[in-house]
Amino acid sequence: MNKILNYKKLIIFLSILTILTVSFVIYNMNNSKAVKISYTEFLNKVQNNEVSTIYYSEDEFIKFITKDNRTFLTENPRTFDFKEKMLLKGVSVEENSSVPIANTIAGIVSFSIIAIFIIMIAQKKVKSSSASLVSVHYDSENATSVTFQNIAGNEEAKESISELVDFIQNPEKYSRFNVRLPRGVILYGPPGTGKTLMAKALASEAKVPFFAVNGSDFVQVYVGVGAARIRDLFKKARDKGKAVIFIDEIDAIGKKRSGRADGASDERDQTLNALLSEMSGFKDSQGIIVIAATNRLDVLDEALLRPGRFDRHIEINLPDVKARYEILKLYSHKRPVAKDVDLFKVAQMTPYFSGAKLENLMNEAAILAAKDNADFITFEHIDKAFNIVVAGFEKKERSHISELDKKITAFHEAGHALISKIIAPENSVKKITIIPSTKGAGGYTLNIPQDKMFKTKKDLLNNIKIALGGRAAEEIIFGKDNITTGAYSDLQHATNTLISMAKEFGMIEEIGLLSYTLMESHNLIESTTIIKHCREIINNAYSEVVNILQNNFNLLEKIALVLIEKETIFEEELEKIICYENLK
Ligand SMILES: Nc1ncnc2c1ncn2[C@@H]1O[C@H](COP(=O)(O)OP(=O)(O)OP(=O)(O)O)[C@@H](O)[C@H]1O
Ligand SMILES: [Zn+2]
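Parameters and conventions
- Residues numbered from 1 in each chain as written.
- Chains lettered and ligands numbered in written order.
- Predicted model: local features only at pLDDT ≥ 70, side-chain atom pairs only at ≥ 80, totals over all residues.
- UniProt positions renumbered as here; feature names shortened; annotations may be inferred.
- Helix = DSSP H or I, 4+ residues; strand = E, 2+ residues; numbered from the N terminus.
- Contact = placed C-beta atoms within 7 Å.
- Buried ≥ 20, exposed ≤ 12 C-beta atoms within 10 Å, placed from the backbone.
- Pairing = 2+ DSSP bridges.
- Axes fitted to C-alpha atoms, helices over the stretch in contact; angles between N-to-C directions.
- Near = placed C-beta within 6 Å.
- Nonpolar A, V, L, I, M, F, W, Y, C, P; charged D, E, K, R; others polar.
- Domains from an automatic or database assignment.
- Left-handed = near helix turned anticlockwise from the far one by under 90°.
- Core = buried A, V, L, I, M, F, W, Y, C linked by C-beta atoms within 7 Å.
- Expected span 1.5 Å × (residues − 1).

Help me out: how do you make sense of the UniProt feature "binding site: Zn(2+)" (unreviewed entry) in the protein chain in this one?
Mapped onto this structure's residue numbering, the UniProt feature "binding site: Zn(2+)" (unreviewed entry) falls at H412, H416 and D490. For the annotated residues, spread through 79 residues, the largest C-alpha to C-alpha distance comes to 10.8 Å, consistent with a single compact locus. Relative to the helices and strands, H412 resides in helix α16 (residues 403-423). Among all residues touching H412, those that are not within four sequence positions of it are G442, G470, A473, E474 and G486. By the secondary structure assignment, D490 is in helix α18 (residues 488-503). For D490, a count of 20 C-beta atoms within 10 Å puts it in the buried group. In contact with D490, not counting residues within four places along its chain, are A467, L468, G470 and R471.

Here it is in structure tokens:
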């Protein structure tokens, strides 16, 4: 490498300098051996023919050597004919030798030496720091004891990740069928929900080394260092054969590119490119899986999400009450918890707690019990710990969501679900939850339409109505003045569907069969008509939805109440609730 070459050059240069310095010192020592004599004594010696050579210079003293090889110094008379006189006396005169040159050399040498030392020290520093810069520190664990059993809740995510165990262990099995194996998985979701835990569990169940790094480790002041670190990391992983590489906070390097050409984004681009090329570089049969974690999927550069890179995106969400119960059980397992502690009650007390917070809660409770010298952790300890943990939370934490917000979300989601069940019973409502998602929604209803190639006009209108169900429920329960911003994305979705119906699908009679998207490209559009008819349709749909919900008020309320209690309802339970009450 260049650096090594430079280092060699430096050593050669230094050796030359040392030689020069040594000669200079010897010379100076010679000089210092010279005996000073007066000018008259000097003239006597010249007179007596004892002087052989004079080293003439402009210095204060001139040096001369006698025939018996002794060196003397004497005052410089600085007369213009000095040289001529000496020559006439048969003394040889060497001009401008020694002293001034020696001085110059001394200057250069000492300056160079100081400079070289500074360079050397700097070089050493750069060398040692660049070695540590390029080599990334990672937590390498030979996949300790964490298994999928240590992770509660997030069943779908667990299932999806555990599939990868076989990919890692038996890649040949898949490559025989020419399967393109997943190389990268992005786990996204709120902090403390067990993303790191999932990656660790994958490594340990697949029995391969685990390399954990943080995205911010790659963001460096020096351009190119981040990229070099990425290559170093992958090299280390490849050296181990199979491996799981875990990159936490991938957004530090994988954020959408800003398009600005500043230094910082340059560096990030280089790092990102290095990561992408390393990922496309390894073979399917290699058995290396890269898992990245982020709190937000939407900020990541599309290049990262493309097939062959991080093409599996798995949401890891906050645990619902059942998962919280499981997590609490997990962290009570090795602790003496009093028999009468109802962990399910604790789970109900802790909506919007992440796994990490629940773990913290049990830990605090254990500390309190230990301080009390108690035999067991009691409910009182847990309750006290709860206050400690909650009081420590910042306002922006979701754990602080008020009962009112929870109620609004419950009715909103119940509205979506109920409309879906009533007007589109062929759809399946897989899950309703009021646990806020990372995408900013207060909760969501997972409504899966029938799988078919074409959608009818009725299907699309139904989708619009289902989207309006949330807002309609809010209005019915809390009044026109208390509707919330929670319907933001629902309205976007409904509007989008309507625009497509009008402009592309020719599904709105008054607007006709023209493709308005095409017309637009020819500057041939008159949008007021489209807006007028779209508004009419959405207003009518909304009235219809409000009507349906009012007619099924009991059912709406029932679903919302169950949601407030359980936070997440799955399909079967929803069916049960609907069966009990009669649809109108
Ligand atoms: N589902 C869970 N089951 C059991 N323990 C959990 C769970 N989720 C979180 N924990 C606990 O919380 C701790 C922190 O979780 P982890 O570091 O995996 O979260 P993360 O999602 O990676 O967080 P971050 O986004 O802050 O990196 C874990 O070590 C574990 O003790
Ligand atoms: Zn909604």
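Next, the rest of the story.
Hey, could you run me through the sheet that holds strand β14 (residues 568-570) in this one?
Sheet strands associate in pairs through backbone hydrogen bonding, adopting either a parallel or an antiparallel arrangement. Sheet architecture is open: three strands sit in the order β13-β12-β14, paired in antiparallel fashion. The outermost strands of the open sheet, each flanked by one partner alone, are β13 (444-448) and β14. Between one strand axis and the next, the sheet turns by 15° as a mean value, whatever way the strands run. Two elements, strand β12 (residues 428-433) and β14, share three bridges in a ladder whose sense is antiparallel. Note on β14: the bridge partner recorded for I432 is I569.

Just checking my understanding: could you explain the UniProt feature "active site" (unreviewed entry) in the protein chain for this structure?
Those residues carrying the UniProt feature "active site" (unreviewed entry) are E413 in this numbering. Take E413: it is sitting in helix α16. Residue E413 is classed as buried on the basis of its 26 C-beta neighbours within 10 Å. The contact partners of E413, leaving out residues within four places of it in the chain, are I432, I434, G443, Y444, T445, G470 and L563.

Sorry if this is basic, but what is going on with unusual backbone geometry here?
With the exception of glycine, the majority of residues adopt a negative phi angle, and the majority of peptide bonds are in the trans configuration. Of note, the phi angle at N154 is positive, near 45°, even though the residue is not glycine. Structurally, N154 is set in the loop between β6 (139-141) and α5 (155-169). You can call N154 buried: it has 26 C-beta atoms within 10 Å. Even without being a glycine, K207 presents a positive backbone phi close to 60°. In this structure, K207 sits in the loop between α7 (195-206) and β8 (210-214).

Looking at this structure, how should I read the site of ligand 1?
Close to ligand 1 lie 19 residues; P191, G194, K195, G355 and A356 are nearest. Broken down by secondary-structure element, the contributors of at least two residues to the shell around ligand 1 are α7, α12 (321-332) and α14 (355-371). Residues that form the shell around ligand 1 fall into these classes: eight nonpolar, eight polar and three charged. The residue makeup of the shell around ligand 1 includes at least three contributed by each of domain 2 (139-315) and domain 3 (321-395).

Could you clarify how one ought to interpret the packing of α5 against α7 in this entry?
Relative orientation and spacing of two packed helices are given, respectively, by the angle between their axes and the distance between those axes. α7 packs onto α5 with a crossing angle of 35° between their chain directions and a minimal axis gap of 9 Å. Once α5 is placed against α7, the crossing between them reads as right-handed. Residues A157, I161, S162, L164, V165, I168 and Q169 of α5 form the contact with α7, whose participating residues are M198, L202, E205 and A206. Partitioned by chemical class, the residues of the contact of α5 with α7 number eight nonpolar, two polar and one charged.

Whenever I open this one, the nonpolar core confuses me. Can you help?
Core analysis: the biggest nonpolar cluster contains 113 residues, and M198, V244, I245, I291 and A414 have the highest contact counts within it. Among residues more than four places away in sequence, those in contact with V244 are A199, L202, A203, A206, V208, F210, I289 and I291. Core analysis: the second largest hydrophobic core is formed by six residues, V51, I54, I62 and F72 among them.

Got a minute to help me understand the pairing of strand β7 (residues 184-188) in this structure?
For a regular strand, the rule is simple: side chains alternate between the two faces of the sheet. With five of its five residues buried, β7 lies for the most part within the structure. Burial along β7 is two-sided: G184, I186 and Y188 facing one way and V185 and L187 facing the other are all buried.

Explanation requested: α14 in the structure shown.
Three- or four-residue spacings in an α-helix give side chains the same orientation, since the helix completes a turn every 3.6 residues. With 17 residues, α14 should reach 24 Å at 1.5 Å per residue; the first-to-last C-alpha distance of 24 Å fits that figure. By the burial criterion, the buried members of α14 are G355, K357, L358, L361, M362, A365, A366 and A369. Just past α14, the residue N373 takes up positive phi, approximately 55°.

I keep staring at helix α8 (residues 225-239) and nothing clicks. Help me out?
If you check α8, its first and last C-alpha atoms are 21 Å apart, about what 15 residues at 1.5 Å a residue would give, namely 21 Å. Along α8, the positions that sit buried rather than exposed are V225, G226, A227, A228, R229, I230, L233, F234 and A237. Directly after α8, the chain includes G241, whose backbone phi takes a positive value near 85°.

So what exactly am I meant to see when it comes to the sheet that holds strand β1 (residues 35-37) here?
With respect to topology, five strands assemble into an open sheet ordered β1-β4-β3-β2-β5, the strand pairing being mixed. Strands with a single pairing partner mark the edges of an open sheet, and in this sheet they are β1 and β5 (92-95). Looking at each pair of strands side by side, their axes are set apart by 30° on average, direction ignored. Bridge count for strand β3 (residues 61-66) against strand β4 (residues 71-75) is five bridges, and the pairing is antiparallel. Bridge assignment links I62 to a residue of β4, and that residue is T74. On top of the sheet, helix α2 (residues 39-47) reaches β1, β2 (51-56), β3 and β4; it is set at about 125° to β4, its chief contact.

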